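# Residue-level structure breakdown
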Amino acid sequence: MTALDQVEVKEGVDQETVDAVAQLSGAYKYGWNDDDIEMDYAPKGVNPDIVSLISSKNEEPQWMLDWRQAAFTRWEGMSVPNWAMLKVADIDFQDLYYYARPKSMEVKPKSLDEVDPKLLETYKKLGIPLKEQAILAGVEGAENDLPERKVAVDAVFDSVSVGTTFQAELKKAGVIFCSISEAIREHPELVKKYLGTVVPPSDNFYATLNSAVFSDGSFVYVPPGVRCPMELSTYFRINAENTGQFERTLIIADKGSYVSYLEGCTAPKRDVAQLHAAVVEIIIEEDAEVKYSTVQNWYPGDEEGKGGIYNFVTKRADCRGARSKVMWTQVETGSAVTWKYPSCILRGDDSQGEFYSIAIANNYQQADTGTKMVHLGKRTKSRIVSKGISAGRAQNTYRGLVSMHPKAKESRNYTQCDSLLIGSQCGAHTVPYIEVKNNSSRVEHEATTSKVDDDQLFYCRSRGMDEEEAVALVVNGFCKEVLQALPMEFAMEAQALVAISLEGSVG
Amino acid sequence: MLEIKGLKVDLEEEEKSILKGVDLTVGAGEVHAIMGPNGSGKSTLSYVLSGKDGYEVTAGSATLDGADLLDMEPEERAAAGLFLAFQYPVEIPGVGNMTFLRTAVNAQRKARGQDELSAGDFLKEVRARAKDLKIDAEMLKRPVNVGFSGGEKKRNEILQMAMLEPKMCILDETDSGLDVDAMKLVSEGVNALRSEGRSFLVITHYQRLLDHIKPDVVHIMSNGRIIKTGGPDLALEVENNGYADLLAEAE
Ligand SMILES: Nc1ncnc2c1ncn2[C@@H]1O[C@H](COP(=O)(O)OP(=O)(O)OP(=O)(O)O)[C@@H](O)[C@H]1O
Ligand SMILES: [Mg+2]
């Protein structure tokens, strides 16, 4: 796999970033709330009626409703997991809204004039270009006069997908990229075949809840032999108050295909914690490759730990076919609480999984994140590079599992797990689980913990950088290997985020 | 240019006095050398001037063109035109040398209210300066000082100095660890920067460097004080006779 051997230094990337960082100021940039966008809510709480309501709002067939109801019944018998190193206030699951959508989306608009200007304003604040705003808002024909920009965008606003760009061009290539609710209606055979096969509805408390109440999300299918002609990207935004966001993403890379998928998240500042419980399933067939990159920038709560997003996410990739590959890259800077372990099931012989992660926790943030590499096939390879940064009073835990099954002969794993501490009141923890059940496989684990070095900061400052610039530079250097694994546009955004999320962590 | 008066410095952590009243004035365009036995306080003086933590100034002052250095943050001193070539340059893993340089250059430009240097202009400038110092493109891409040889680190300091164009340059044992050819390169680099508006304070143990960079004034430092000041001959005297006579004389 190319990324395994690639150590080339992308000089341009971090420079651009430092520039971008210089331009950015203020703390949480996406923290406005669009309270004057009129929302349509289902009543608070969750029960079989709510599940039915969500299903009918999405005009789903009976089989989908049955699937949801079965998940709900199971969920009622489950209890909240408490093994993670997180202190979380009890969530009252009956005190949340499970469905909210902008009223203006009830009937799809036909032209830009018909779109709620507030919604367009939101896209603009998110940095989505105007032309794409038009497409996102579902304006017909807007796609034709788009300039060169090869990123297709799907935006999910609270519970509903508000539109997907570049559909026509993707269709030409045979790629299906649409909201999951649309996929359930238009491509039921694909959804039926794959949904829940990687993360079964019984998987864990949050995944089961998601299976019952997921309202929307993205769907990708890349047919055999097709290299997706552009990056696919989804923006998730939680806007409505007291709302849980439960998206469901399903990505299928058929034999010999390739796709790179980006996911970005933001939420407004709210005093009350908001819940995000997503499920991402990826199926990778023979010789196919999927790159999945996330820049997660949910609202982390204020300096005192009030508010913020509780982010409980189940992400899993199933490398079903021989020689299939998956690469997870994540930059986790937001959320009050993060509980997330993107995993790889390396089922096919010679399949490969990689996990690159930057997790930054500042103030009172808590991050418990890592990955699972489950080696089932022969000669499977995995690589884990985790960079955890803690500042303020934050707690950052890496939790990783590497499991070599008896049949996974001659498999290899390499894990590198580095923690960086800024200040003396934060914590970093590394919890690696390793199981090797055959004698021809090899597992390597390296872990380091260091403090931001005063000599490095002084060196930078003696050259004219201020303290925050110096910290951002040193931390970006610490994260380099992971930043390099991101697609270019994302790498820059990520580096800027690193700087922003560490603001106020020194001095 | 640089004016230090009665500067007394203690360590912050423990009760220990390192500088015990330093007086030193470097005029515009002048080159001064400081020599002195190990542990006499030469590096401490350079750190205190550039604003490193861990020291406490108990008396005296230091000004750069009349501005109080001791009152400024390290980055403000840099923007005011002070530069220290470190005796032990610091490694910064993962940060490209070029990135570091450009961030530094633009930070200083910003502090002075100038526009940022465009990527193209910057690149042209770095390449030219690096070539003079025989620093190859590969080294510009590598992380700052990581895995650099001793001599490469020193040359890299001079490259930074050339890019930042400070007016007061302090070189702390930049000659240590340099081979004969590198010493020539570095000296040429320094000499090329000599100008009416730019002054140098060169800390060294060896006459060798001063053969290349001719000082106007030579100071001898011992036990936290300047014990003797003279012309270039003073360095020759140290080279030939060591410090014993000078120290005895100062007693
Ligand atoms: N942080 C510190 N902690 C303890 N002692 C210190 C510290 N900084 C300086 N010193 C002491 O102060 C004295 C002066 O040190 P300094 O490094 O300034 O000497 P120098 O003249 O540069 O020596 P050299 O020629 O060996 O470089 C030494 O005795 C040194 O051990
Ligand atoms: Mg010294």
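Below, the structure is looked at part by part. (Residues numbered from 1 in each chain as written. Chains lettered and ligands numbered in written order. Predicted model: local features only at pLDDT ≥ 70, side-chain atom pairs only at ≥ 80, totals over all residues. Heavy atoms only, no water.)

### What to know about the overall build of chain B
- A tally of helices and strands in chain B yields ten helices and twelve strands.
- For chain B, the C-alpha radius of gyration of 18 Å lies close to 18 Å, the compact-globule estimate for 251 residues.
- Once the C-alpha set of chain B is aligned to its principal axes, its extents read approximately 55 × 40 × 35 Å.
- The 251 residues of chain B split such that 53% are buried.
- Partitioning the contacts of chain B with sequence separation of at least 6, the portion at a separation of at least 24 is 69%.
- One finds the centroid of the 29 positive side-chain charges in chain B at a distance of 6 Å from the centroid of its 42 negative side-chain charges. (Helix = DSSP H or I, 4+ residues; strand = E, 2+ residues; numbered from the N terminus. Rg over C-alpha atoms; globule rule 2.2 N^0.38 Å. Buried < 20%, exposed > 50% of the residue type's maximum accessible area, 1.4 Å probe, protein only. Contact = heavy atoms within 4.5 Å. Lys, Arg positive; Asp, Glu negative; His and termini not counted. Charge placed at Lys NZ, Arg CZ, Asp CG, Glu CD.)

### Observations regarding the overall build of chain A
- Looking only at helices and strands, chain A features 13 helices and 24 strands.
- For chain A, the proportion of its 507 residues judged to be buried stands at 62%.
- Long-range contacts, defined here as pairs at least 24 residues apart, represent 84% of the contacts in chain A between residues at least 6 apart.
- When the accessible surface of chain A is totalled, it reaches about 18700 Å², and 48% of it is carbon and sulfur. (Areas by Shrake-Rupley, 256 points an atom, 1.4 Å probe, with all protein chains shown as cover.)

### Points about empty space enclosed by the protein
Residue and element names in this part refer to chain A.
- For the coordinates displayed, the defined rule picks out seven cavities of 30 Å³ or more.
- By volume, the largest cavity is sized at about 100 Å³.
- Ser386, Gly388, Asn396, Thr397 and Tyr398 are the residues nearest the centre of the largest cavity, which is lined by 15 residues in total.
- Only strand E18 (352–361), strand E20 (381–391), strand E21 (395–404), strand E22 (412–422) and strand E23 (427–436) provide two or more residues apiece to the lining of the largest cavity.
- Here the residues of the lining of the largest cavity are counted per class, giving four nonpolar, nine polar and two charged. (1 Å grid on protein atoms, 1.4 Å probe; cavity = no way out; pocket = protein on both sides within 12 Å on 5 of 7 lines; lining within 4 Å. Points joined across faces, edges and corners; volume = space filled by probe spheres on them. Nonpolar A, V, L, I, M, F, W, Y, C, P; charged D, E, K, R; others polar.)

### Some remarks on the sheet that holds strand E2 (residues 17–26) of chain B
Residue and element names in this part refer to chain B.
- On the basis of which strands lie adjacent, the open sheet formed by four strands has the order E2-E1-E4-E5 and antiparallel pairing. Strands at the two margins of the open sheet, each flanked by one partner only, are E2 and strand E5 (67–68).
- In terms of strand pairing, strand E1 (residues 2–11) meets strand E4 (residues 55–64) through eight bridges, oriented antiparallel. What sits directly across from Ile4, in E4, is Ala62.
- Lying over the sheet, helix H1 (residues 42–50) contacts E1, E2 and E4, oriented at roughly 105° with respect to E1. (Pairing = 2+ DSSP bridges. Axes fitted to C-alpha atoms, helices over the stretch in contact; angles between N-to-C directions.)

### Regarding the coordination of the magnesium ion (ligand 2)
All names here are of chain B.
- Distances from the magnesium ion (ligand 2) to its protein donors, Ser43 (OG) and Gln87 (OE1), fall at 2.0 to 2.2 Å. Separated by 44 residues along the polypeptide, Ser43 in helix H1 and Gln87 in the loop between strand E6 (82–85) and strand E7 (92–96) bring together distant segments of the chain. Judged on exposure class, the residue Ser43 and its partner Gln87 are both buried. (Donors = N, O, S within 2.8 Å, 3.2 Å for Na, K, Ca; no water.)

### Re the site of ligand 1
Residues and elements named next belong to chain B.
- The immediate surroundings of ligand 1 are formed by 15 residues, with Asn38, Gly39, Lys42, Ser43 and Thr44 found nearest.
- Measuring from an oxygen atom of ligand 1, one finds a backbone N or O atom of Gly41 at 3.0 Å.
- For ligand 1, an oxygen atom lies 2.9 Å from a polar atom in the backbone of Ser43.
- Protein coverage of the free-state accessible area of ligand 1, which is 630 Å², stands at 64%.
- Considered class by class, the residues forming the shell around ligand 1 number three nonpolar, eight polar and four charged. (Near = heavy atom within 4 Å. Polar contact = N/O pair within 3.5 Å; in protein donor to acceptor, adjacent residues only side chain to side chain.)

### Remarks on the sheet that holds strand E3 (residues 31–35) of chain B
Residue and element names in this part refer to chain B.
- Taken in spatial order, the six strands make up an open sheet running E6-E9-E10-E3-E11-E12, and their pairing is mixed. Edge positions in the open sheet fall to E6 and strand E12 (225–230), since each of these has one partner strand only. In this sheet, adjacent strand axes meet at a mean angle of 20° when their direction is disregarded.
- As paired strands, E3 and strand E11 (residues 217–222) are joined by four bridges and run parallel to one another. In the sheet register, His32 faces E11, and the bridge partner there is Val217.

### Topic: the environment of Gly197(B)
Residues and elements named next belong to chain B.
- If you trace the backbone, Gly197 turns up in the loop between helix H7 (180–193) and strand E10 (199–203).
- Sequence-wise, Gly197 and Lys167 are 30 residues apart; in three dimensions their C-alpha atoms are separated by 6.5 Å.
- For Gly197, the residues in contact, after removing those within four places along its chain, are Met1 and Lys167.

### A word on unusual backbone geometry
Residues and elements named next belong to chain B.
- Here Lys134, not a glycine, exhibits a phi torsion of approximately 50°, which is positive.
- The topology assignment puts Lys134 in the loop between helix H4 (119–132) and helix H5 (137–141).
- With a relative accessible area of 63%, Lys134 lands in the exposed category.
- At Asn223, a position not held by glycine, the phi torsion is positive, near 45°.

### A word on the pattern of salt bridges
Residues and elements named next belong to chain A.
- The final tally for this structure, using the stated rule, is 26 salt bridges over all chains.
- The partner of Arg68 in a salt bridge is Glu60, with the nearest N and O atoms 2.7 Å apart. Across the pair, exposure class does not vary: Arg68 and Glu60 are buried alike.
- Notably, a salt bridge pairs Glu281 with Arg248, separated by 2.9 Å at the nearest N-O pair. You can see Glu281 sitting in strand E12 (residues 279–284) and its partner Arg248 sitting in strand E9 (residues 248–253), a full 33 residues away along the chain. (Salt bridge = Lys/Arg side-chain N within 4 Å of Asp/Glu carboxyl O.)

### Some remarks on the interface of chain A and chain B
- Counting residues at the interface gives 24 residues for chain A, matched by 35 residues for chain B.
- Buried surface at the junction of chain A and chain B, both sides included, amounts to about 2500 Å², of which 60% is carbon and sulfur.
- Run the count over chain A and chain B and you get four salt bridges.
- Linking Glu75(B) and Arg461(A) is a salt bridge whose minimum nitrogen-to-oxygen distance equals 2.8 Å.
- The interface formed by chain A and chain B includes eleven residue pairs in polar contact (both at pLDDT 80 or more).
- At the level of elements, helix H2 (11–23), helix H11 (454–462) and helix H12 (467–483) of chain A are the ones that each hand at least two residues to the side of chain A that touches chain B.
- Classifying every residue of the side of chain A that touches chain B gives nine nonpolar, five polar and ten charged. (Buried area = accessible area lost by both parts, 1.4 Å probe.)

### Regarding the side chain of Ser181(A)
All names here are of chain A.
- Examined against the element boundaries, Ser181 turns out to sit in helix H8 (residues 180–186).
- Only 3.0 Å separates the side chain of Ser181 from the side chain of Asp216, close enough to count as a polar contact.
- What Ser181 contacts, discounting residues up to four positions off in sequence, is Asn58 and Asp216.

### Considerations on the side chain of Ser441(A)
Residues and elements named next belong to chain A.
- With respect to the secondary-structure elements, Ser441 resides in the loop between E23 and strand E24 (442–451).
- At a separation of 3.1 Å, a polar atom in the side chain of Ser441 contacts the main-chain amide nitrogen of Ser411.
- In this view, Ser441 contacts Met404, Ala408, Lys409, Glu410, Ser411 and Val436; residues no more than four positions away in its chain are not counted.

### Topic: the packing of H4(B) against helix H6 (residues 150–164) of chain B
Residue and element names in this part refer to chain B.
- Remark: H4 packs on H6, axes separated minimally by 10 Å, with the N-to-C direction vectors making an angle of 135°. Classified by the interaxial angle, the pair formed by H4 and H6 is oblique. Regarding H4 and H6, the two cross each other, and that crossing is right-handed. Residues Phe122, Glu125, Val126, Arg129 and Ala130 of H4 form the contact with H6, whose participating residues are Leu159, Ala162 and Met163.
- Grouping the amino acids of the contact of H4 with H6 by side-chain chemistry returns six nonpolar, no polar and two charged. (Parallel < 35°, antiparallel > 145°, perpendicular 65-115°, else oblique. Left-handed = near helix turned anticlockwise from the far one by under 90°.)

### Considerations on the environment of Ala192(B)
- Checked against the element boundaries, Ala192(B) lands in helix H7.
- Remark: the alpha-carbon pair of Ala192(B) and Ala162(B), spanning 30 residues in sequence, is separated by 9.3 Å.

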